[in-house]
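Observations on chain architecture
What follows is the residue order along each chain.
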Amino acid sequence: MTPEEALRKRWGYDSFKPFQREAVEAALSGRDCLVVLPTGGGKSLCYQLPAAMGQGLVLVVSPLIALMDDQVAAAREAGLAADALHSNLEADHRGEAARRLAAGKTDVLYVSPERLLVGDLMEGISARLVLIAVDEAHCVSHWGHEFRPEYRRLAEVLERFPETARMALTATATPEVQEDVCAQLALREPARLIGHPDRANLIYRAFPRRDQVGQVREVVRRHPGEGGIVYAQTRRDVERLAARLAGAGISCAAYHAGLPADHRRRVQADFVNERLDIVVATVAFGMGIDRSNVRYVVHANTPRSVEHYQQESGRAGRDGLPAECVLLFAASDLAAHRGLARKDGVLAPERQRALERQLRQIGRYAVAPVCRHRLLAEHFGAPYPPEGVGRDGEVCGACDVCLDETKRLAAEEALLTAKKVLSGAWRADGRFGTGHVVNLLMGRADERMKRIGHDALEVFGLLKESGETAVRSWVDQLIVQGFLETVEEREYPLLRITDAGKALCRGEGTVRLGVPAPPAERAKKRPKTPARGTALGLPADEELFECLRRLRRLIAEGLGVPPYVVFHDSALVEMAAVKPRTPEALLGVRGVGERKLERYGAAFLKVISGRTPEAAAGLGEGTPEDS
Ligand code: ADP
Ligand code: MG
């Protein structure tokens, strides 16, 4: 069997995604490799396919115990003899897995780092072991965003299998982290298979936060009946936001680490099994979530770094279909992150500098009127647009800037506007907060303003016509570009012009400013989320799609696995468009392999030919011959 044949027979795919073939070949030829592919890039297949070719045992180290059972279920759907060993396993399952392993029947074994470090597995498996894959390999690096001490000790284990090829896989790695992964896992002249980080199916939007609940609601309303995650900063933010969304008639559940374990388990299970569409959560929600048809991720507060943003927003659209990522930015969120970081005492200078750099970067991402796809790609050291992809200039067609929802001011107008904002801050002399400077520029005189005579300043009301949202956003934009800064004095953040800002006022330097298009104007232009089928260039039969989805859920519930293990949305979309009538035709749908055809083909064909999902699943409500 060639890799292509295995891909077609076992998974039902007709071509490799970028770098999958190279990774498989490296593994088969015994070479170490580093695989960096974005979420949804198909990393699992890189190590599962060698196992499918019957060469021996593939050991997969993964920190995500909560996901392992689902990964095992998915591997079994491709016909692999897969098992997992970790501390959460019930004793009898553990016994069975160990027996199969000892009998040499296992193709893929998932294990947690803790379990592996116990050390007792080694003897039994060394003869059959052909590959050790380390998933989520960024966890080995201090520079990454999820350092795990146990990962550091993996090298000890790897050392004991000098003959075995190693494969390290991760989705988010800056060049710095890539180096660290290679060094920590002692990869030997590894093939470096670095995919482009861009997620072309995601639409990125970043707006100044004006009305958190209203803005979140606007996104949710664009996605009726679809899965979405709303991230907020603190537990209190989560509860408040969930309550207010519920008050606005949106059914959702709250999730954060402070809620009882059984509540959290239920929310997670309901979400993955598609009984629940919307979760409002802290970042505690997500590491173990593999629902592939999450159609939107909203950050109601600013995340802590661009890496975090990439990881968290990346949970949208793993199935490759269009999805939307929205970030609502306020400079006050950055201050809150500083506060949280210092909660346990003063930071070491090095940590402090790293934190400030991260906050500056995410702030810049959120407010700079520059193509968001480009900003993200460049952050991860990749050119945008990706080489060989013919797109002109910055028009990705999939972010608020390129969709003209955020307008970029022409250079001269940007400079003029920046000078106005800066002169307001300059006149306030670094003794006031952002609110005061905004009021000054808006020409709004309160008691204090009058008392200190600021209402008589030349700059008073200078930007009255622009509207508060724009003025606030400009202040933020000038902060992230280093023309303004906030300095804390007795816990109170004061706004101050920097030397670069003063220079800009003299006409030295360049500045970019954007302005959110007013909602009314935006509404006309905003493309709806593209219809599901358009990603495949096919017309979609939404009604049939929903029926297929219902059948999938019934089957998944019967088997006790998440729906995506049965079929991904993309396979259902293709079925709903092509409407295959025979098993052979169904096999032609991407994602339908021989085993899945055998197990589920008949039921899906019934729904395509007009039966109800309940009848097709053999649950009654059907015509007599079905029951
Ligand atoms: P990652 O771990 O990189 O986030 P996964 O391994 O979970 O990605 O794969 C993401 C999705 O892509 C899965 O649904 C998988 O079945 C699908 N996939 C993998 N390889 C291919 C391929 N060659 N063609 C089409 N779909 C693929
Ligand atoms: Mg993965």
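Residues numbered from 1 in each chain as written. Chains lettered and ligands numbered in written order. Predicted model: local features only at pLDDT ≥ 70, side-chain atom pairs only at ≥ 80, totals over all residues. Heavy atoms only, no water.

**A short note on the overall build of the protein chain**
Looking only at helices and strands, one finds 29 helices and 17 strands in the protein chain. Relative to its length of 627 residues, the protein chain is compact, with a C-alpha radius of gyration of 27 Å against a globular reference of 25 Å. Its C-alpha atoms give the protein chain principal-axis dimensions of roughly 85 × 60 × 50 Å. Relative to its full complement of 627 residues, the protein chain shows a buried share of 54%. Here the contacts in the protein chain between residues at least 6 apart in sequence split such that 72% fall between residues at least 24 apart. In the form shown here, the protein chain has an accessible surface area of approximately 27200 Å², with 49% of it arising from carbon and sulfur atoms. Separation between the mean location of the 87 positive side-chain charges and that of the 85 negative ones in the protein chain comes to 3 Å. (Helix = DSSP H or I, 4+ residues; strand = E, 2+ residues; numbered from the N terminus. Rg over C-alpha atoms; globule rule 2.2 N^0.38 Å. Buried < 20%, exposed > 50% of the residue type's maximum accessible area, 1.4 Å probe, protein only. Contact = heavy atoms within 4.5 Å. Areas by Shrake-Rupley, 256 points an atom, 1.4 Å probe, with all protein chains shown as cover. Lys, Arg positive; Asp, Glu negative; His and termini not counted. Charge placed at Lys NZ, Arg CZ, Asp CG, Glu CD.)

**Observations concerning the pairing of strand β1 (residues 33–36)**
Going residue by residue along β1, you find Cys 33 and Val 35 tucked away on one face and Leu 34 and Val 36 tucked away on the opposite face as well. Relative to strand β7 (residues 191–194), β1 runs parallel, the two being bridged by four bridges. Within the sheet, the bridge partner assigned to Cys 33 lies in β7 and is Ala 191. (Pairing = 2+ DSSP bridges.)

**Re the site of ligand 1**
Around ligand 1, a shell composed of 16 residues is seen, among which Tyr 13, Gly 40, Lys 43, Ser 44 and His 568 lie nearest. One of the backbone N or O atoms of Ser 15 is found 2.8 Å from a nitrogen atom in ligand 1. Here an oxygen atom of ligand 1 and a backbone polar atom of Gly 40 are 2.6 Å apart. Relative to its unbound accessible surface of 570 Å², ligand 1 loses 85% to contact with the protein. By residue number, the principal contributor to the shell around ligand 1 is helix α3 (residues 43–52), which donates three residues. Here the residues of the shell around ligand 1 are counted per class, giving four nonpolar, eight polar and four charged. (Near = heavy atom within 4 Å. Polar contact = N/O pair within 3.5 Å; in protein donor to acceptor, adjacent residues only side chain to side chain. Nonpolar A, V, L, I, M, F, W, Y, C, P; charged D, E, K, R; others polar.)

**A look at the packing of aromatic side chains**
The final tally for this structure, using the stated rule, is six aromatic pairs. Where Phe 567 meets Tyr 600, the ring centres are 6.0 Å apart and the plane angle is 75 degrees; that geometry is what we call edge-to-face. Taken together, the positions of Phe 567 in the loop between α25 (563–566) and α26 (569–578) and Tyr 600 in helix α28 (residues 594–608) put the pair 33 residues apart, joining distant regions of the chain. Phe 567 gets classed as buried once you look at its relative accessible area, which sits at 1%. (Phe/Tyr/Trp six-rings, centres within 6.5 Å; stacked < 30°, edge-to-face > 60°.)

**Comments concerning the pattern of salt bridges**
In total, this model carries 36 salt bridges according to the counting rule given. Its salt-bridge partner being Arg 240, residue Asp 237 comes within 3.8 Å of it at the nearest N-O pair. A residue pair is termed a helical-turn pair when its members lie 3 or 4 positions apart in one helix, as Asp 237 and Arg 240 do in helix α12 (residues 235–247) at three residues. Residue classification places Arg 240 among the partly exposed residues on the basis of a relative accessible area of 39%. Measuring nitrogen to oxygen at the nearest pair gives 3.6 Å for the salt bridge that ties Arg 506 to Glu 508. (Salt bridge = Lys/Arg side-chain N within 4 Å of Asp/Glu carboxyl O.)

**Digging into the domain arrangement of the protein chain**
How large an interface is tends to be reported as the accessible area lost when its parts come together. In terms of domains, the protein chain is made up of domain 1 (3–194), domain 2 (202–405), domain 3 (411–516) and domain 4 (532–616). Placing the centre of domain 3 and that of domain 4 at their C-alpha centroids yields a distance of 56 Å. (Domains from an automatic or database assignment.)

**With respect to the packing of helix α16 (residues 349–367) against helix α17 (residues 372–379)**
α17 packs onto α16 with a crossing angle of 160 degrees between their chain directions and a minimal axis gap of 9 Å. Comparing the axis directions of α16 and α17 gives the class roughly antiparallel. Where α16 crosses over α17, the handedness of that crossing is right-handed. Contacts between α16 and α17 pair Gln 361, Arg 364, Tyr 365, Ala 366 and Val 367 from the former with Arg 372, Leu 375, Leu 376 and His 379 from the latter. Residue classes in the contact of α16 with α17 are distributed as five nonpolar, two polar and two charged. (Axes fitted to C-alpha atoms, helices over the stretch in contact; angles between N-to-C directions. Parallel < 35°, antiparallel > 145°, perpendicular 65-115°, else oblique. Left-handed = near helix turned anticlockwise from the far one by under 90°.)

**Focus: the pairing of strand β6 (residues 165–170)**
For β6, the buried fraction is high: six of the six residues fall into the buried class. Residue alternation in β6 divides its side chains into two sets, Ala 165, Met 167 and Leu 169 and Arg 166, Ala 168 and Thr 170, and both sets are buried. As defined by bridge partners, β1 adjoins β6 across four bridges and the pair is classed as parallel. Bridge pairing links Cys 33 to Met 167 in β6.

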